[in-house]
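Residue-level structure breakdown
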Amino acid sequence: MKSSSVGSPSSSPIICASFNQDNRNKSLFCMFTAVGAFNIVEMLFSTNLLAIVGAGEQVISGLLIPSLSPRRLCLFNFLTGSTLRELNYLTSVLAVRLNKKRLIVILQDKAYIYDLNSLAVLETIDTVPNNKGLCAFCPGSEGCYLALPASTSKGSVLSYNTVELQSVRQIDAHRSPLAGITFSSTGTYLATASEQGTIIRVHLVSQATESYSVRRGTYPSTIYSLSFGPCLEFPEFLVATSSSGSLHTFSLGQAIKQRRKPSGVIGSLIPDTLSDSFDQTFHHILHNAALAGVKSHVRIYNVDSLTCTSGASGFRASIFIISHNGYFREYTLKITELNEFSWSLEREINLLDNILNEPF
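This structure is a prediction, so every number in the text was calculated from the model and none was measured.

So, how was this worked out
- Residues numbered from 1 in each chain as written.
- Predicted model: local features only at pLDDT ≥ 70, side-chain atom pairs only at ≥ 80, totals over all residues.
- Heavy atoms only, no water.
- Helix = DSSP H or I, 4+ residues; strand = E, 2+ residues; numbered from the N terminus.
- Contact = heavy atoms within 4.5 Å.
- Areas by Shrake-Rupley, 256 points an atom, 1.4 Å probe, with all protein chains shown as cover.
- Buried < 20%, exposed > 50% of the residue type's maximum accessible area, 1.4 Å probe, protein only.
- Pairing = 2+ DSSP bridges.
- Axes fitted to C-alpha atoms, helices over the stretch in contact; angles between N-to-C directions.
- Polar contact = N/O pair within 3.5 Å; in protein donor to acceptor, adjacent residues only side chain to side chain.

Along the backbone of the protein chain there are 4 helices and 26 strands. A separation of at least 24 residues holds for 45% of the contacts in the protein chain among residues at least 6 apart in sequence. For the protein chain, the accessible surface area stands at approximately 16000 Å², while carbon and sulfur atoms represent 50% of it.

Below, the structure written as structure tokens:
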């Protein structure tokens, strides 16, 4: 399972939390806070390798935090405290992604593909202006796909095979520009959301076809993060966080099994791939899962089969949310085959308080 980390916004020293819980994380927090502020921190699965990008000089609580260049990527071993390699660029690094074979670096108008072992540049892709550093990268080494925005005026996605170093498909997903994209764990499916934020679409990458469409809500909202559940075939779950502060869960597996089309004239006009965007049966919302307006990052950590006391089967998902105000939350979601669902908050940690209270 991939261990994910997210960097802080430039207004705080660092918010970095690995999704595998380990006592080493606390010392990591303190060390980074003492060095300077960060925009990006990415971990290679559960290894010691971190990719770090600075946020520049910061003044926080009246203290001047040393400058760490946003144009420099540092590959860092946090166990030994040693820098393995530094890569410098002419413009700011906006996103970094890693798997066991590839290192991906996203700039405003370029994407660099490196061999992770040798750090040789394998390919440089000229992209459309990508001020948000929007990208998706499959964690698997076989379906080693990269997805990038292909347009600034509409929600088109270019998928790229980083092993064979060739483009795979362009998917025209939305009428509005993209706000979020993510791959399933095998790279078979790609979920997309536009700046409108009302519809989330799931695409079969190999055929550039839309497999499923779900409605997040009626009113526009900024999608902050998307995540599929672990899967070998079709994902059972898709989750999303948005500027509303709500956590949205879509039971894709159950919906596909029980796919139905609206009756009457409307149903006859809607293609099968779009019909479920009008069906909210398999959409569950946890309100106030994060603070509204504060950027959050969500991951489905694990999905287990579940047998209820009533005898009905179902699923139990562990969902992690880390917010840029410093909070880490772990939720458990249970959904039965009868579509009964329940939420529980397992733990909530204020990472910034832990950092500030930890002696150096």
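Counting buried positions over the 6 residues of strand β5 (residues 72-77) gives 5, a clear majority of the element. Sheet topology places strand β2 (residues 49-54) next to β5; 5 bridges connect them, and they run antiparallel. Across the sheet, Leu 49 pairs through a bridge with Asn 77, a residue of β5. With antiparallel pairing between neighbouring strands as the criterion, β5 and strand β6 (residues 82-88) make up a hairpin whose turn holds 4 residues, including Gly 81 at a positive phi of roughly 75°.

Remark on secondary structure: sheet strands pair via backbone hydrogen bonds, oriented parallel or antiparallel. Reading across from one edge, β7-β8-β9-β10 is the order of the 4 strands in this open sheet, with antiparallel pairing throughout. A strand with exactly one partner marks an edge of an open sheet, and here the two such strands are β7 (95-98) and β10 (121-126). Averaged over neighbouring strand pairs, the angle between their axes works out to 15° when direction is ignored. Pairing of strand β8 (residues 102-106) with strand β9 (residues 110-115), which is carried by 5 bridges, proceeds in the antiparallel orientation. Along β9, the bridge assignment pairs Ile 104 with Ile 113.

So, about the sheet that holds strand β16 (residues 189-194). Spatially, 4 strands are ordered β15-β16-β17-β18 in an open sheet, and the strand pairing comes out antiparallel. Across the chains shown, the open sheet's two edge strands, defined by having one partner strand only, are β15 (178-183) and β18 (209-215). Sheet twist, expressed as the mean angle between neighbouring strand axes with direction ignored, is 20°. Relative to strand β17 (residues 199-204), β16 runs antiparallel, the two being bridged by 5 bridges. Paired with Ala 193 across the two strands is Ile 200, which belongs to β17.

Positive phi, normally seen in glycine, also occurs at Phe 45, with a value near 50°. Structurally, the position occupied by Phe 45 is in the loop between β1 (38-43) and β2. A positive phi angle, near 55°, is found at Leu 165, a position not held by glycine. Mapping Leu 165 onto the fold places it in the loop between β13 (155-161) and β14 (166-174).

On the secondary structure map, His 283 appears in strand β22 (residues 283-286). Taking relative accessible area as the criterion, His 283 reaches 10% and is therefore assigned buried. Separated by 3.3 Å, the side chain of His 283 and the backbone oxygen of Arg 215 make a polar contact. One polar contact links His 283 to His 248, side chain to side chain, over a distance of 2.9 Å. Excluding its chain neighbours within four sequence positions, the residues that come into contact with His 283 are Arg 215, Arg 216, His 248, Thr 249 and Phe 250.

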